[in-house]
Every structure is written in structure tokens, then in C-alpha cells.
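# Structural overview
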Amino acid sequence: MTTQQVVAPEYLFFEAERERQFITGSEAVREAIKRANVDMAISYPITPQSESMHLVGDIYAQGYLKEYFRGESEFAVMSAVAGAAMGGVRVFTATAGPGTLRAFEVFPTWAGARLPVVCAFMTRGINSPLTIQPDTIEMAFLLDTGILMFHAESAQDLYDMILKAFVIAEQTDVHIPVGVFTDGFFVTHTREEVATAPADLKLPPYNPYSAPVPVMDMENVPVRQMRDPFVMKSNFISYAAHASWQQEILAAQERARKHVRRYLGGLLEAEHPEAAVLVVAAGTAVSQGREAVAAARREGLEVGLVKLKSLRPFPREELRMLGRQARALIVPEFNRVGWLAREIKSVVEDTTKVIDAPRVFGGMTMPPELILAQIRRCYA
Amino acid sequence: MSKGLFKISPGFEDVMPAEYKELVNNGPYGKDLGVSDLGTFKELIEEHPLCAGCAEALALRLILASLPNSEDTVIVGSTGCSSLLFPQVAVQNIHSLFGNQNAVATGLKRALRLRFPDKVKDVLVIAGDGATVDIGLDMVMQSWFRRELITTIMLDNEVYANTGGQESGMSPQGAVLHMAPLGKKFPKVNLPEIAREAGCAYVATISPALPRRLGKVVRRAILVAREIGPSYVQIFCPCPTNFKWPSAQVLQKIRDRQKEGIFKVREYVSPEAEAYLAGLEVVKQHDEEQ
């Protein structure tokens, strides 16, 4: 059994001396969970997620977690995770692509039951035809489930966002689940230098009595069904209770903004935000955008880069301001539908400024030249 | 649970609902009560909206009266008629989704064991036949394979009752029901046998027409699931509304089915569970009283 010292989240995140490790994205998940003081993790295999949960199993064997097992399907795992969270423990799981969709019914119930579950999604294409390739389309489906959504560009982001996700999810005024997304294979199976806090430090334990809803342990009153107003009956009070509860979940997302700003340093990051043309992206599309922006600036083109870190809550005001002064917002995406461009169009004042291209999907890589071509078009 | 939590704050005695006052002053928490004590204490169930004559409602009343540890029991339910009744139950209970009750119970039981290693926290699954034998069968059986320490109770009303009378895996062969317009083509699923093969240490079938025996079975199932392994109880409680029986005849119908040999009271106790139960003085005493 390993010995770890509990430290304040602020110390772990911002002050503790960090060491640099040359690791994969999956290994970055392991490093985050090592320091997250997780009680229980539940796993189920699906590519490209499996490796990360193998590694969580390994650190369970080393004593970093109290409980770990393999469930029988993604739907069952997400259900067991719900039961564990309702029982008052800190719980983690991960999935990908088709697994996300198989489990889909559970995600809105996580949010509705105000469970502070943290789940990593290693995004992957949705069948059919069969694919195991990276694609962010599953994120489009999850946008309105009520969960918070962070998008990691790199293994470093993945490490930081998973650790911070627990602290944000468990704030009493938030207390809803967080999905930390990363692009399968591009991040999970590649290696980079990641700065991590010492492994003998960990977050404070979860206090289930800090939840705004009762933990289901028969240690608290009132005796409750579920953790929310249970409204099966047909009467006005039931309708009103359900409607107000849905609004409350959205309000909890809104209240998360201040915590996301504090811990992630903002809902987005911008380089050269004053530029007339901005590349706006999330996940590894940011890395491709960064290459394209550098090339464009070498050509003398005035271009900036906006990295969206939080998609729920969505950086509405931030993007509106950026959209006001920019002439064009180029949105490169790793999916067919262009959900991020749609989201951005929903908040900027002049939607004609949003260029919903380039897009690649089916596992294809995105050459920065495609983004560069869009930048040049803006100046043609 | 700290029983002290269940008290009325000073000054609020007059404004609390009568049912709540009754529960605090005369409820079953911390008392060793059973089916034969019904009528002498405030039950864990308050008015419910199930149909007149519903055998499932009676079964639930008997189950709740038989809990050996009501102050430390959490129930996981599922979608179905019973989920309409659970809001009126004075034990914390979870309704998650249709069919995932045993997966939720798995996570819950493991969480409670982590948080309360020195305390008995019983986790009880109560779900209908649709949730148990159809949509949720995978998760029910997998929880048994994994030897999760939970008790699963199926309320076998032989039909999807809450959605209006569709055929279920537990409907009798030949029954003409919605979605089986030419009659059901296959017999009732033999879940007790599957439960035994899948690793349950205690399996029983019972009906609310045998109330004391039902109480005994539920109690034994919960005790076995504390220490030995998963347990399964199947309660035969056919739906009068969808089978179009007069409300007052339901129990007689159950007895008739028992006489015909279609419904059989059965009990399987693994040798390990048998030895464990024999060692529990409290069970012996209770069984004798029954």
C-alpha cells in the first residue's frame, strides 16, 4: 500500500514542484488518478480507451485506489458508477466512441442525480462501417446531457484536466459530472513530456455530505427516493418540480464557470486575440491550428489562435467578444458534422464570420496546410 | 444510521405531517419486527397509487415489514409499477433506469462497504419481471457471476403492467397480450434455476398468499447476502388489471395456480448459506415465531 500525503488542491495544481515524464496520454490518465484520491474505478474495454483503464487497474493493485473491477458493458459500468457515486465515494471511469453511445442513457441521469463522476472520453468514430479511428463526433451527442465537458489538446492537458475535474465536479454549488475528452490515438497513444506533481501527494478525500442532495447511505434525513425530486405523477407540482430541476442542472453548469476559470485558467486560451483572423479549435485541432497559424504569420498574415478548453460551460461571452473584433473565425474540426462551428455560430453576433472548415473525419489526420488554405482565403 | 436523526426538531411537532410523526414515534427502525407484527407499528410504506387488488403492492408491504435492518437498508428499484410506489417508502431508494438496477446496486454496495466497513448496510434490489428477466437480465446475472453481496427480488406479475399489458419473459405460454397478439410462444423463464447456476447462495420462490413464509424468505435472503453470496427471491404476484381479474380474486388466483402446480414454492440454500443461517440465533427465533 502506497503512502500519500493529502494536500490542498491549489498546492497540488499550482505550487508543488513538478517532474517531467515522457509518457503517453493513457499514462497521463494513470498519473492523474494516482494523485486524485479516487475511491473506486470501474472499467470496460474499448479501443482506444482500454489502455488507460488497464493502467488504473495497475495502480489499484499498488494501493492507490480502494476498489476496481471490470463491469459487463459500458451501460452497466456507467450504471455501477452511478450507484457508487450515490453511495458517496469518489469514482472514475473512461470510455470511447461506440462505448459512449452504448452507455448513453446513463449520462443525463448522472447529471440529473447530481453525481460528481469524472469520466474520460477517448473520442473515436461511431459505427458503421466499423472504425476504431479518432473522431470527435461523440462529443456532439453529449453537449446537452447536462455534464460539464473539457477538451484536452495534449497528454499534459489530460493529466491536468482530470485532476482538476474532480475538484470542480465536487464543488457544492456545481456537483454535476465532468467529462474530460481527448482525441483517441492522437493523444492516448502518442508520447510527450508531461509535468506532474509528486506521486506521494494527493487530493483531499471526497466528502459526500458536501453534496447538495442526500447521499444514499441511510445516514441522513430526509429519507429520499433517488437524489432528486422524483416526479412520476401527473400533476402540476410534478411538472413544475421536473422543469425547475432541469433548470437547476443548467444553473449548476453556469455556476461552474468561476471554478473553471480558477482551476483551468479560463474557459479558453487565446494567442494573438487581436488578429483579424482567428483559428478557433478544441482538442488536437488546436495543435494543427497552431502549426497553421505559425506558418501564416511567417507569410506575414495576421492570424490568432483560440483554444477552447471548456465546451460546457461554453465560453459564450469570451467568443462573442472575440467575434466582434475579428473578421473571420476559422473552425477546423475532427468530425463530419462540424458541431463546434455550430456552437460558435450560436453565440457570435455575425454568423457569416464563422468558417466551418476544414473538417476531416473517419480517422484522417488534418494537415495544417488545409487550415492555412482557409487563412489565405480570408486574405485573398 | 443514527436513529437520533429520525426525530422531530423541537417546536415543529405540531406542523409535521401525521404520517411522519407516526413514523418517528412508532416506526420499525431499530426494532426486530416482522410480518406477524403488522398492524402494531407504523409501516415503512405510506399510501400508494397502485391498482386495487395489486398483489405486487401486497408483496412490497410484506417485504418492507420483513427487513431485518430497515434503518440501514437501501433499496434499488427499476422502472415499472413498483417505481410508482417507491416515493412513498421510508427507506432510501434509488430509481435509476430500466434494467440497470443490479449494476447500480453493485456500485452502491461496494461504496457502502468502503465507507462503512464495520457496519451492516443491506442493499436490496426490487424490480419487476421486465427489468429483471428481460432488459436487465445481463446485469442481473453478471452481478451473480461476480458474487455481489446483494439481494435481488423479482416481483413477477407476469406482464409489463405499467406500460399497459405487454408480454414479458415471465408471461405464461399462450397468454394473449399486447405484443403477443397470437399468444406467447415460449414458457416462463426459469430464473430461479438460472440464479442457482449463476452463483446465488440462496434462491426462493414465494407469493404474498403465504405472507409469513414470504417474510421468512426475504429475511433469510438478506442475511445470506450479508456474508455468503448473492441471493434471489422471486415473488409470484400476477397483475389483476391486465389479466382482467376482479381485485378481490387475486390471492385466490395465486392459490389456484399453486394447487395446479403451475406456481411452486421452492427454496434452495447452498450448504455454506445453510451453515451460516443455522448459526444465526436470531433467524432461528424468528423462524420459530413464524
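Before any of the text, the structure's been laid out above.
Every value quoted in this text rests on a predicted model; they were computed, and no experiment measured them. (Residues numbered from 1 in each chain as written. Chains lettered and ligands numbered in written order. Predicted model: local features only at pLDDT ≥ 70, side-chain atom pairs only at ≥ 80, totals over all residues. Heavy atoms only, no water.)

### Notes on the interface of chain B and chain A
Our working definition: Every residue pair with non-hydrogen atoms within 4.5 Å of one another is taken to be in contact. The term buried area means the drop in 1.4 Å probe accessible area that two parts suffer when joined, counted for both and summed. Salt bridges are defined by distance alone: a side-chain nitrogen of Lys or Arg within 4 Å of a carboxyl oxygen of Asp or Glu. Distance and chemistry together define a polar contact, namely a pair of N or O atoms within 3.5 Å, with one atom able to donate a hydrogen and the other to accept it when in protein, and with adjacent residues in sequence counting only for side-chain atoms on both sides. Helix numbering and strand numbering both begin at the N terminus, where a helix is a DSSP run of H or I of at least 4 residues and a strand a DSSP run of E of at least 2. Side-chain classes are defined by residue name, with Ala, Val, Leu, Ile, Met, Phe, Trp, Tyr, Cys and Pro counting as nonpolar, Asp, Glu, Lys and Arg as charged, and the others, Gly among them, as polar.
Residue-level contacts link 43 residues of chain B with 39 residues of chain A. Roughly 3,300 Å² of surface becomes buried between chain B and chain A when both sides are summed, with 64% attributable to carbon and sulfur atoms. Note that K121 of chain B and E219 of chain A form a salt bridge whose closest N and O atoms lie 2.5 Å from each other. Viewed at the interface, chain A and chain B are joined by 13 residue pairs in polar contact (both at pLDDT 80 or more). Of all the secondary-structure elements, those providing two or more residues to the side of chain B that touches chain A are β1 (73–77), α3 (81–85), β2 (93–95), α4 (101–115) and α6 (137–145) of chain B. In terms of residue count, α4 of chain B provides more of the side of chain B that touches chain A than any other element does, 10 residues in total. When its residues are assigned to classes, the side of chain B that touches chain A shows 22 nonpolar, 13 polar and 8 charged.

### Brief notes about the pattern of salt bridges
The line we're drawing: Note on classification: 1.4 Å probe, protein chains only; a residue is buried when its accessible area is under 20% of the maximum for its type, exposed when over 50%, partly exposed between these limits.
Summed over all chains, the structure comprises 47 salt bridges over all chains. We note a salt bridge from R110 of chain B to E67 of chain A, for which the minimum N-O separation is 3.4 Å. In this pair, R110 of chain B sits in helix α4 while E67 of chain A sits in strand β4 (residues 67–70), so the two residues belong to two different chains. The same class applies to R110 of chain B as to E67 of chain A, namely buried. In this structure, K188 of chain B engages E158 of chain B in a salt bridge whose closest nitrogen and oxygen atoms are separated by 2.6 Å. Residue K188 of chain B is found in the loop between β4 (151–156) and α7 (191–198), and its partner E158 of chain B is found in the loop between β4 and α7; the two are separated by 30 residues along the sequence. On the basis of relative accessibility, which here comes to 27%, the residue K188 of chain B falls in the partly exposed class. One salt-bridge network, held together by shared partners, links E67 and E72 of chain A together with R110, R146 and E148 of chain B.

### Section: the sheet that holds β4 of chain A
All names here are of chain A. Worth spelling out the cut-off: A pair of strands counts as paired when DSSP detects no fewer than two bridges linking them. As a rule, the C-alpha atoms of each element are fitted with a line to give its axis, helices using only the stretch in contact, and angles between N-to-C directions run from 0 to 180 degrees.
With respect to topology, 7 strands assemble into an open sheet ordered β4-β3-β5-β6-β8-β7-β14, the strand pairing being mixed. Edge positions in the open sheet fall to β4 and β14 (310–312), since each of these has one partner strand only. Shown here is a sheet whose adjacent strand axes are inclined to one another by a mean of 20°, direction ignored. Here strand β6 (residues 118–123) pairs with strand β8 (residues 178–183) via 6 bridges, running parallel. For V118, the partnering residue across the bridge sits in β8 and is V178. Contacting β3 (40–43), β4, β5 (91–95) and β6, helix α3 (residues 50–61) crosses the sheet at an angle of about 140° to β4.

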